[in-house]
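# Survey of secondary and tertiary structure
Below, each chain spelled out in residue letters.
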Amino acid sequence: MCKILLSIKPEHVENIMNKRKLYEFRKIKCKEKVEQIVIYATAPVSKVVAEVEVVEVIEDIPEEVWKITEKFSGISKEYFEKYYQNKNKAVAYKLGFVKPFRKPKQLIEFGVTTAPQSFVYL
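Thresholds applied
Residues numbered from 1 in each chain as written. Predicted model: local features only at pLDDT ≥ 70, side-chain atom pairs only at ≥ 80, totals over all residues. Heavy atoms only, no water. Pairing = 2+ DSSP bridges. Helix = DSSP H or I, 4+ residues; strand = E, 2+ residues; numbered from the N terminus. Contact = heavy atoms within 4.5 Å. Axes fitted to C-alpha atoms, helices over the stretch in contact; angles between N-to-C directions. Core = buried A, V, L, I, M, F, W, Y, C linked by side-chain atoms within 4.5 Å. Buried < 20%, exposed > 50% of the residue type's maximum accessible area, 1.4 Å probe, protein only. Phe/Tyr/Trp six-rings, centres within 6.5 Å; stacked < 30°, edge-to-face > 60°. Lys NZ or Arg CZ within 6 Å of the ring centre and 35° of its normal. Arc of directions from axis to C-beta.

## A closer look at the sheet that holds strand β2 (residues 23–26)
Taken together, six strands build an open sheet; the order of strands is β2-β5-β4-β3-β1-β6 and the sheet is mixed. With partners counted over all chains shown, the strands left at the sheet margins are β2 and β6 (120–121), one partner each. Of the strands in this sheet, β2, β4 (47–60) and β5 (90–105) touch helix α2 (residues 62–69), which is tilted by about 115° from β4.

Below is the structure:
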């Protein structure tokens, strides 16, 4: 099983936890088949707060990815367009079961010393 650690802004983490955001968008797709994402909530939280299963990976031009994901994207179309500005590929990880940690964890507990800019394989 391939797990990755992603840095995600707290407002997006909250939307993932309450199921308003069922997709996590990235500019680069992992080479490995990702089955789980470990979520690091960025500042001011600065903790690893949950794991979530990946049920599908969507990869296409941004316009097509938006058509598929917009209803449960958890973000505005303007935010999406700005994120993918001048990009010809978009990646969306469709999220399944979310397992929040009762007690948030430190990065070092996962063998990671700094928050990833993109992602880190675990």
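Next comes the rest of the description.
## What to know about the nonpolar core
Formed by 19 residues in total, the largest nonpolar core has its most connected members in Val 34, Ile 37, Ile 39 and Tyr 93. Elements represented by at least two residues in this core include exactly β1 (2–8), α1 (10–17), β3 (34–41), β4 and β5. Aside from chain neighbours lying at most four places away, what touches Ile 39 is Leu 6, Ile 8, Val 13, Ile 16, Lys 47, Val 48, Val 49, Ala 50 and Val 52.

## Re the packing of aromatic side chains
Tallied over the entire structure, the rule returns seven aromatic pairs. With a centroid separation of 4.9 Å and an interplanar angle of 45°, the aromatic rings of Trp 66 and Phe 80 are classed as tilted. Highlighted residues: Trp 66 in helix α2 and Phe 80 in helix α3 (residues 77–83), separated in sequence by 14 residues. As far as burial versus exposure is concerned, Trp 66 and Phe 80 are alike and both buried. Three or more aromatic residues joined by ring pairs make a cluster, and in this case those are Tyr 23, Phe 25, Trp 66, Phe 80, Tyr 83 and Tyr 84. Over the aromatic face of Tyr 83 sits the side chain of Lys 27, whose NZ or CZ is 4.4 Å from the ring centroid. Just above the ring of Phe 101 sits the side chain of Lys 105; from NZ or CZ to the centre is 4.8 Å.

## Quick notes on α2
By the burial criterion, the buried members of α2 are Pro 62, Val 65, Trp 66 and Thr 69. The buried residues of α2 all sit within an arc of 100° when viewed along its axis, so they share a single face. Turned more than 90 degrees off the buried face of α2, the exposed positions are Glu 63 and Lys 67. The secondary structure elements touched by the buried residues of α2 are β2, β4, α3 and β5.

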